[in-house]
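Residue-level listing of the chains:
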Amino acid sequence: MLIKDMPQPAIVVEDLGKRYVIGRQKQAPDGMRHIIEGALRSPVAWLKSRRDARRREVDFWALRNVSLTVQQGEVVGIIGRNGAGKSTLLKLLSRITVPTEGRFRIEGRTSSLLEVGTGFHQELTGRENIFLNGAILGMTRSEITKKFDQIVEFSEIEEFLDTPVKRYSSGMYIRLAFAVAAHLEPEVLIVDEVLAVGDAAFQKKCLGKMENLARGGRTVLFVSHNMEAVRMLCQRAILFDGGRIRADGDVENVVEDYFSRLSTFSARQFGNSGLVIEKVALKNDAGQETRQFCPGEDLIVEIQFDAQKILEKPYFILVVQGKRGNCFTANMQLDGHRPEFLNGKGRISCRFKSIPLLPQRFTVQLAMKASNGKDVLVDYENVGSFTVTADLADYGFRGEFQTRISEATSVVVPYEWQLPDGSSAIVSLGAPVPTV
Amino acid sequence: MSEIYIEAGHTEGQYWRDLWNYRELFYFLSWRDLLVRYKQTVVGVSWSFIRPLLTMLVLTVVFGKLGKMPSGGTPYPLLVLCGMLPWNFFSLAISDSGNSLVMNSSLVSKIYFPRLIMAVSSVIVSFVDFAISALFMVGLMIWYRFAPPMSVLTLPFFILLAIAASVGIGLWIAALMVKYRDFRFIVPFIVQFGLYLSPVGFQSGVVPERFRLLYSLNPMVGIIDGFRWSLLGGQNRIYLPSLGISVLEIAVILISGVLYFRRTERTFADVI
């Protein structure tokens, strides 16, 4: 294949950075009155105050040193916690704002959908808004006319086409807005968090539409906090944190990385109690630190602390949380055991015996209360996460709907069925059943 | 295949190409504003006639009947309406295009397109009003059996001048408004006082000769005089130094307006 025939990457980003100046608005209102009045009353003081205002400015890099390449037809998930820089990246790539440093190149017609329904006008009818919104998103009139029926069909609002959108339910509104955007058919589509709105059925429909786009060879950048959606849609994901790229690669690994970052605990002091939690480690039966457990294994949570002041009779509380909420807890306010005092460095650990958990992801939370049982020392912090992995067949589970059920439930305590024919069956996640 | 290349600190070369690609948006944004304007009103489009009619009556009574200003033989309502044509267009255009970016801040912060389109499309909307008022003017001329002089052929030039002034000042205000919302208060002020400082309700001839040049610093003086001269002729002479000043001023305002707008446009989304 000749070099000139090789498909060029759809997006190339080099050393991209965006700096915001924050802090000025709070202290010195930048209004005209302030400037004119100040300058007239006392020019010297005014100049000084301007200089001081400059000094008070804080540079904030929302994005820095970001380089990436996206090939044509790739669907890339952009993930990271709030404030990680994802939206800034999309704003730069959509040309809504300009970079402070670096450069990027996008090949092909680009459309971005940073918010569902921007550009809709409340007073206009659905029909009018389809045209208006389409034009704002970059479609020509003839394109909109051509796709009009498809858009209406996708949005399911046929009977309300000539009603002003201000009378629409929020569901109808979102459906129509997404329908217009989804029919742009750009070569590069940039999407931010559109699935955060709407009901489950709508989300499913949107995901389906985006899958279609992807299969049709479009390049898609997809920002979402919904990891299931990212997993479903993307082969590749890029993890942002603190304005930089922290991981880039296969979606499964990067999502894994995201979750562990989300709950990675870094040493910090809590309040003015002088208590520093230095580390929280999750260990298995063998005392090895790990994030992977099997059902029936022991889970040891080990907390290393440094009490810089003597701390009398604190309560420790550990909570293991699954997808659907709390699974179990070890709570000193419940069981009454507690250390006489904490002084200096030390450690405390808790062993959860043979955890009866189905394969899923779990997080561990730590809370601490002062000796009076009320004052909060540590307020339910995520201190670690782990995954339980297992082939349930090894434990004697033979049901056909395992995946679906293990999505909804987390804990299975040992139980025994007594069937009508008098036979009985013991079920337990305690340990793998030896095969005979 | 279209390609975007952006580098920090470099002005985008593709801006004017984008402006062309997004040309239909001029139409759609104006269309939107026109559609929305008279929704949920009882008399609808008639407002476009009622407003100039009432203003004309008031100005005629105040300046013509009570103030007894000279009209040079032209029916006073014609004189007033002829001054109102460019003035109303100008004042509506600068307030609408000045507000256009702030009013559409959600668009500015979420979608890319050349922002120039937004400010200019507001001027287009005001021009539609201008056209309606012009029809009204034609009707009034027929009513008074007033035949326009040959100089009417120069009218397009003065219309262009009014458009240039509106776009230039509109761009300045729109860009400044993004950062300084003070202009939200300044603009109505300009519009209100401008009506009396510009020769809308009277002929600029009533201004004493020695203040004439000073008076001409108001760019609308040249435009309004031009409208009167080309449409009504007769006593409504054109004062050439005044026209020269207007043309020069408008050229400077338009060019600097586009440049200032382009320079600040890059940060609109961060500031708005």
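**As for the overall build of chain A**
On a plain count of helices and strands, chain A comes out with 12 helices and 20 strands. Within chain A, buried positions represent 34% of all 436 residues. The long-range share in chain A, meaning contacts at least 24 apart out of those at least 6 apart in sequence, stands at 71%.

**Concerning the overall build of chain B**
Looking only at helices and strands, one finds 12 helices and 1 strand in chain B. Radius of gyration (C-alpha) of chain B: 20 Å, near the 19 Å computed for a compact globule of 272 residues. A principal-axis box enclosing the C-alpha atoms of chain B has dimensions of 65 × 45 × 35 Å. Taken across its 272 residues, chain B has 40% of its residues classed as buried. Considering only residue pairs separated by 6 or more positions, chain B has 80% of its internal contacts joining residues 24 or more positions apart.

**Things to note about the interface of chain A and chain B**
With 37 residues of chain A in contact, the opposing surface of chain B contributes 27 residues. Elements represented by at least two residues in the side of chain A that touches chain B include exactly α2 (32–41), β4 (101–107) and α5 (126–136) of chain A. The element best represented in the side of chain A that touches chain B is β4(A), accounting for 7 residues. Across the side of chain A that touches chain B, the residue classes break down as 14 nonpolar, 11 polar and 12 charged.

**Concerning the confidence of the model for chain A**
Averaged over every residue, the pLDDT of chain A is 83; residues scoring 70 or more account for 85%. Across residues 24–28 of chain A the pLDDT falls below 50, and counting only partners more than four positions away or on other chains, this stretch makes 8 contacts in the model.

**Let's talk about the sheet that holds strand β9 (residues 244–250) of chain A**
All names here are of chain A. Strand order in the open sheet made by the 6 strands is β5-β6-β7-β3-β8-β9, with mixed pairing throughout. Edge positions in the open sheet fall to β5 (110–113) and β9, since each of these has one partner strand only. The mean angle between the axes of side-by-side strands here comes to 15°, regardless of whether they run parallel or antiparallel. Looking at chain direction, strand β8 (residues 236–241) and β9 are connected through 6 bridges and run antiparallel. Note on β9: the bridge partner recorded for Ile-238 is Asp-248.

**Digging into the environment of A:Gly430**
All names here are of chain A. Along the chain, Gly-430 falls in the segment after β20 (424–427). Taking the C-beta count within 10 Å as the criterion, Gly-430 has 18 such neighbours and is therefore assigned partly exposed. Counting along the chain gives 18 residues from Gly-430 to Val-412, while the straight-line C-alpha distance between them is 9.5 Å. Ignoring any residue separated from it by four or fewer positions in sequence, one finds Gly-430 in contact with Gly-296, Ser-354 and Pro-414.

**Regarding the domain arrangement of chain A**
Domain boundaries in chain A define domain 1 (11–62), domain 2 (70–261), domain 3 (266–388) and domain 4 (392–427). Computed from C-alpha atoms alone, the centre-to-centre distance between domain 2 of chain A and domain 4 of chain A is 42 Å.

**Some thoughts on helix α7 (residues 155–179) of chain B**
In a regular helix each residue adds 1.5 Å, so 25 residues correspond to 36 Å; α7(B) covers 37 Å between its end C-alpha atoms and thus fits that length. Among the 25 residues in α7(B), 18 count as buried, and that is most of the element.

**So, helix α8 (residues 200–215) of chain A**
Residue and element names in this part refer to chain A. Compared with the 22 Å implied by 1.5 Å per residue over 16 residues, the 22 Å span of α8 between its first and last C-alpha is a close match. Those residues of α8 lying buried are Cys-206, Met-210 and Leu-213. Buried residues of α8 fall within an arc of 50° about the axis and therefore sit on the same side. Away from its buried face, by an angle of more than 90 degrees, α8 presents the exposed residues Ala-200, Ala-201, Gly-208, Asn-212 and Arg-215. Looking at the buried residues of α8, the elements they touch are α7 (170–182), β6 (188–192), β7 (219–223) and α9 (227–233). Just downstream of α8, Gly-217 is the residue with a positive phi angle, here 85°.

**Here we look at the nonpolar core**
When a protein is soluble and globular, its nonpolar side chains tend to lie buried together. A:Val76, A:Ile78, A:Ala177, A:Phe222, A:Ala237 and B:Ala162 are the most contacted members of the largest nonpolar core, which has 133 residues in total. When residues of this core are assigned to their parent elements, the largest contribution, 15 residues, is made by α7(B). Counting the residues that make up this core, at least three belong to each of domain 1 (11–62) and domain 2 (70–261) of chain A. The contacts of B:Ala162, once residues within four sequence positions are left out, are B:Pro86, B:Phe89, B:Phe90 and B:Ile223. If you look at the next biggest cluster of nonpolar residues, it comprises 28 residues, including A:Leu275, A:Cys327, A:Ile355 and A:Leu366.

**Some points on the packing of α5(A) against α7(A)**
All names here are of chain A. Two elements in contact, α5 and α7, have axes separated by 10 Å at closest approach and are oriented at 40°. Classified by the angle their axes make, α5 and α7 are oblique. The hand of the α5/α7 crossing is right-handed. Residue-level contacts link Gly-126, Asn-129, Ile-130, Asn-133 and Gly-134 of α5 to Leu-176, Ala-177 and Val-180 of α7. Of the residues that constitute the contact of α5 with α7, the class distribution is 4 nonpolar, 4 polar and no charged.

**Notes on unusual backbone geometry**
If you check the backbone angles, A:Asn65 has positive phi at about 50° while not being a glycine. With respect to the element layout, A:Asn65 can be found in strand β2 (residues 58–70). For B:Arg145, which is not glycine, the phi torsion reads 50° and is therefore positive. With respect to the helices and strands, the residue B:Arg145 is situated in the loop between α6 (116–143) and α7. In this structure B:Arg145 comes out as exposed when scored by C-beta crowding, with 7 C-beta atoms within 10 Å.

**A few points about the sheet that holds strand β11 (residues 275–283) of chain A**
All names here are of chain A. Reading across the sheet, the 4 strands line up as β10-β11-β13-β16 and stay open at both edges, with antiparallel pairing between neighbours. Here the strands that pair on one side only, and so sit at the sheet edges, are β10 (268–270) and β16 (341–352). Ignoring which end each strand starts from, the neighbouring axes of this sheet average 30° apart. Strand direction decides the pairing type here: β10 and β11, joined by 3 bridges, are antiparallel. Bridge pairing links Arg-268 to Ile-277 in β11.

**Quick word on the environment of A:Arg175**
All names here are of chain A. As for its placement among the helices and strands, Arg-175 is situated in helix α7. Arg-175 sits in the buried class, given 22 other C-beta atoms within 10 Å. Taking C-alpha positions, Arg-175 is 9.0 Å from Cys-206, a pair spaced 31 residues apart along the chain. For Arg-175, the contacting residues outside a window of four places in its chain are Ser-155, Glu-156, Ile-157 and Phe-202.

**Some thoughts on the confidence of the model for chain B**
Here chain B averages 88 in pLDDT, while 99% of its residues score no lower than 70. Interface scoring of the predicted complex returns ipTM 0.82; its pTM is 0.74.

**Concerning the pairing of strand β13 (residues 299–312) of chain A**
Residues and elements named next belong to chain A. Across 8 bridges, the pairing between β11 and β13 is antiparallel. Paired with Val-280 across the bridge in β13 is Ile-303. Here 11 bridges tie β13 to β16, and the two strands are oriented antiparallel to one another. Bridge pairing links Val-301 to Cys-350 in β16.

Reading guide: rules and limits
- Residues numbered from 1 in each chain as written.
- Chains lettered and ligands numbered in written order.
- Predicted model: local features only at pLDDT ≥ 70, side-chain atom pairs only at ≥ 80, totals over all residues.
- Helix = DSSP H or I, 4+ residues; strand = E, 2+ residues; numbered from the N terminus.
- Buried ≥ 20, exposed ≤ 12 C-beta atoms within 10 Å, placed from the backbone.
- Contact = placed C-beta atoms within 7 Å.
- Rg over C-alpha atoms; globule rule 2.2 N^0.38 Å.
- Nonpolar A, V, L, I, M, F, W, Y, C, P; charged D, E, K, R; others polar.
- pLDDT = per-residue confidence, 0-100.
- Pairing = 2+ DSSP bridges.
- Axes fitted to C-alpha atoms, helices over the stretch in contact; angles between N-to-C directions.
- Domains from an automatic or database assignment.
- Expected span 1.5 Å × (residues − 1).
- Arc of directions from axis to C-beta.
- Core = buried A, V, L, I, M, F, W, Y, C linked by C-beta atoms within 7 Å.
- Parallel < 35°, antiparallel > 145°, perpendicular 65-115°, else oblique.
- Left-handed = near helix turned anticlockwise from the far one by under 90°.

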